[in-house]
Amino acid sequence: MGKILFISNRLEKIQQYSEIFNKKPYEFFTSSDENAIFEIVEINNPDIIIFDHSFDNIKQLIKKLKSVTTSTSFIFLTQNGNIENDITKYINAFLTEEMSDELVLSTVAVNLKTKHSLEQLSDTNKNLADSLYRLNVLYSTSSQFAGSLDKEKLINYMIEGLDKSLSFDLTCTLCTEDEPVLLLNSLYEISDELLSALKLRTVLNYKSLFEDKKPPFEIEADTLKVVKTVKYPANRFTFTLFQYDNMFAPISLGDNFFGCIEIFKETPFTSDDATCFQTIAQQVSLPLKSATLYQEIMETNLKLEKLERLKSEFISIVSHELRTPLTAIKNSLDILSGGRCGDINESGQKFLSMAQRNVQRLAGIINDLLDLSKIEAGKMDYHFANMNIHSVIDYVKSSLSVMAKEKGLNLIAEETPDLPDIYADSQRLEQVLTNLVSNAIKFTPEGKNIIIRSHTADASQLNTPDCFKEDIQKLQGKYIVVCVEDQGIGIAEKDLLRAFDKFAQIENSLSRKVGGSGLGLPIAKQLLQAHNGAIWCESELNKGSRFYFAIPINIVPAKMEKNLILN
Ligand code: ADP
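Because the structure is a prediction, the values reported are computed rather than measured. (Residues numbered from 1 in each chain as written. Predicted model: local features only at pLDDT ≥ 70, side-chain atom pairs only at ≥ 80, totals over all residues. Heavy atoms only, no water.)

1. Points about the overall build of the chain
Summing up its helical and strand segments, the chain has 16 helices and 17 strands in all. Whereas a compact globule of 567 residues would reach a radius of gyration of roughly 24 Å, the chain reaches 46 Å, over 25% beyond that. Along the first, second and third principal axes, the C-alpha set of the chain runs to 150 × 65 × 45 Å. Buried residues in the chain amount to 43% of all 567 residues. Pairs at least 24 apart in sequence give 70% of the contacts found in the chain among residues at least 6 apart. (Helix = DSSP H or I, 4+ residues; strand = E, 2+ residues; numbered from the N terminus. Rg over C-alpha atoms; globule rule 2.2 N^0.38 Å. Buried < 20%, exposed > 50% of the residue type's maximum accessible area, 1.4 Å probe, protein only. Contact = heavy atoms within 4.5 Å.)

2. Observations regarding the side chain of S312
Here S312 shows up in helix 9 (residues 285–337). Those residues within four positions of S312 in sequence are excluded, and the remaining contacts are S373 and E376.

3. Re the sheet that holds strand 4 (residues 73–78)
Taking strand neighbours across the sheet as the criterion, the 5 strands line up as 2-1-3-4-5 in an open arrangement whose pairing is parallel. The strands lining the two open edges of the sheet, one partner per strand, are strand 2 (26–31) and strand 5 (93–96). Taking each pair of neighbouring strands and ignoring which way they run, the sheet shows an average axis angle of 20 degrees. Packing of helix 1 (residues 11–23) onto the sheet brings it into contact with strand 1 (2–7), strand 2, strand 3 (48–52), strand 4 and strand 5, and relative to strand 2 it is tilted by some 170 degrees. In the packing of helix 3 (residues 58–68) onto the sheet, the strands contacted are strand 1, strand 3 and strand 4, and the crossing angle to strand 3 comes to about 165 degrees. (Pairing = 2+ DSSP bridges. Axes fitted to C-alpha atoms, helices over the stretch in contact; angles between N-to-C directions.)

4. Observations regarding the pairing of strand 9 (residues 245–253)
As judged from the 9 bridges shared by strand 9 and strand 10 (residues 256–265), these two strands associate in the antiparallel manner. Bridge pairing in strand 10 links P250 to C260. From the end of strand 9 to the start of strand 10, which pair antiparallel, there are 2 residues, and G254 there has a positive phi angle of about 55 degrees.

5. Some words on the sheet that holds strand 14 (residues 449–458)
With mixed pairing, 5 strands are arranged side by side in an open sheet as 12-14-15-17-16. Each of the sheet's edge strands pairs with one partner strand only, and the pair in question is strand 12 (410–413) and strand 16 (534–540). In this sheet, neighbouring strand axes are inclined to one another by 20 degrees on average, regardless of whether the strands run parallel or antiparallel. In terms of strand pairing, strand 12 meets strand 14 through 4 bridges, oriented parallel. Bridge assignment links L411 to a residue of strand 14, and that residue is I450. Packed on one face of the sheet, helix 11 (residues 389–406) meets strand 12, strand 14, strand 15 (478–485) and strand 17 (544–552) and runs near 170 degrees to strand 12.

6. Structural notes on the site of the ligand
As a matter of local geometry, the ligand sits amid 23 residues, with N439, D486, Q505, I506 and L521 nearest to it. N439 places a side-chain nitrogen or oxygen 2.7 Å from an oxygen atom of the ligand. Relative to its free-state accessible area of 530 Å², the ligand is covered by the protein chains to the extent of 98%. For the shell around the ligand, the secondary structure elements donating two or more residues are helix 12 (426–442), helix 15 (520–530) and strand 17. Counting residues per element, the shell around the ligand draws most heavily on helix 12, at 4 residues. Broken down by class, the residue content of the shell around the ligand amounts to 11 nonpolar, 10 polar and 2 charged. (Near = heavy atom within 4 Å. Polar contact = N/O pair within 3.5 Å; in protein donor to acceptor, adjacent residues only side chain to side chain. Areas by Shrake-Rupley, 256 points an atom, 1.4 Å probe, with all protein chains shown as cover. Nonpolar A, V, L, I, M, F, W, Y, C, P; charged D, E, K, R; others polar.)

7. A word on the confidence of the model for the chain
Model confidence for the chain is summarised by a mean pLDDT of 90, while 96% of its residues fall at 70 or above. Highest mean pLDDT in the chain belongs to strand 17 (97); lowest belongs to helix 16 (residues 558–566) (49). Every residue in residues 563–567 is under pLDDT 50, and counting partners more than four places away or in other chains gives 6 contacts. (pLDDT = per-residue confidence, 0-100.)

8. Let's talk about the pattern of salt bridges
A full pass over the atoms with the stated rule returns 28 salt bridges. E218 is the salt-bridge partner of K214, the closest N and O atoms lying 3.8 Å from each other. With respect to class, K214 is no different from E218; both count as exposed. The salt bridge partner of E538 is R546, with a shortest N-O separation of 3.1 Å. A single network of salt bridges, built from pairs that share partners, joins R10, E12, K13, D52 and E97. (Salt bridge = Lys/Arg side-chain N within 4 Å of Asp/Glu carboxyl O.)

Structure representation (structure tokens):
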């Protein structure tokens, strides 16, 4: 079946062509009047127009018709097969006067077939282009989803994606996170009556999702908050909106319910539209869940930060409060043991020196607590200056050699001449080295050696157990490395990193006996970080440990410069 318009002013030709085409399943029109021709074309949209060569101003007519038709095939009836060049570019085929009826019919039939095939091809192309466009929208929408942890933005991306792919007239999105809110994204303005109806409908839709179960949120239409976005506010929707085609989907993932969405469009939705709608509504659920988790993590972090601050403040206050009475106790004990209050017998002296040792230990713990709370509050004072590590090693060696000797240990400092100067706080480095050496003394049995070594090394040469690699990778350039080696009880590989945790004491026979605050190593770690250095250790159970720390040579890092200005 095809529609054919024959344009001619020759009666005999009109008669001949009418006879040919009226017999077949064609709708046949003919005209010799120019105005009528355009009317027929507009109303009937013929598949083929056949132009008789003898028609007046045929060239102009073809041109004009070409400009108003898009898919119509043009066939030219020539007198003897000759066609002007100007005309050939507009026509798809030609007939001659001498052609038999069969040949005319088959020429037209072939053209019709070609035309239909072209139309099908163009439809397929259009569908392909539509699918491609939709895929692009889906792709860019899911990329947007993946890049955001903001719930409001995610819902907006979903609505944008739906608008681009389905060009809706209205969406009603109920978001049940935090305070339930109904988002209306509409092409036209919504009257108050329609708004009430939409609210009621949304709440009913929402409740229907839970059937006999209790919905997660109590939502009532009259108290539901609404946020409206209208594209063309000059126009207004009426209740006929409810006759539009519509689709509805929950926005949820497993037990996590985020809301639901209903979408309206005047023209019917196709099954592809439904798939696209479901895909986008489903895709937004996962990032919404991540956003919820992220929000929870951030809130927990804030709470933890607050707790940590409170804890630091508490430790700082308590330590200060403890220090004053402790100083008074220490002074009293000193006076007593100095004999200023009379003679004290041997066993009294024993108890006194035990009390003095414990006061000393307690003072050490309180000092550690104060240091840590200062470091954590960023209030630690540093006095950076050019210095040589030898002075630190010498100081620590002479102040701890008595303690080592008392335990029957040899404290040795290996001489390394010509170590370059470093820019550091000598008191803090003494604190670090004192802690390492006194730990070595505490955890090494009688008769063994404790050796302090120092050398220069490039960051790339530093070799540490795997658990310290992350810290060491940050180092660059040249360093002075100090090592405290002992032949003590050692630390199991699994506990190496934990030894640097606050209040950590590795479970072993000695830890409890020798006591300690569990703060020496974490403080050392923080002090070295403030020097842009690092600390790590190698150890083997029952064989001994090597604690290392590294301080950069020749650099005044930004952090130190700041301190330099402050001091
Ligand atoms: P503490 O004041 O308890 O010694 P530290 O932070 O200095 O606190 O050390 C933490 C823990 O690491 C110690 O309790 C001990 O279990 C372990 N440790 C530290 N140094 C050594 C060492 N040289 N040999 C064996 N274990 C050690």
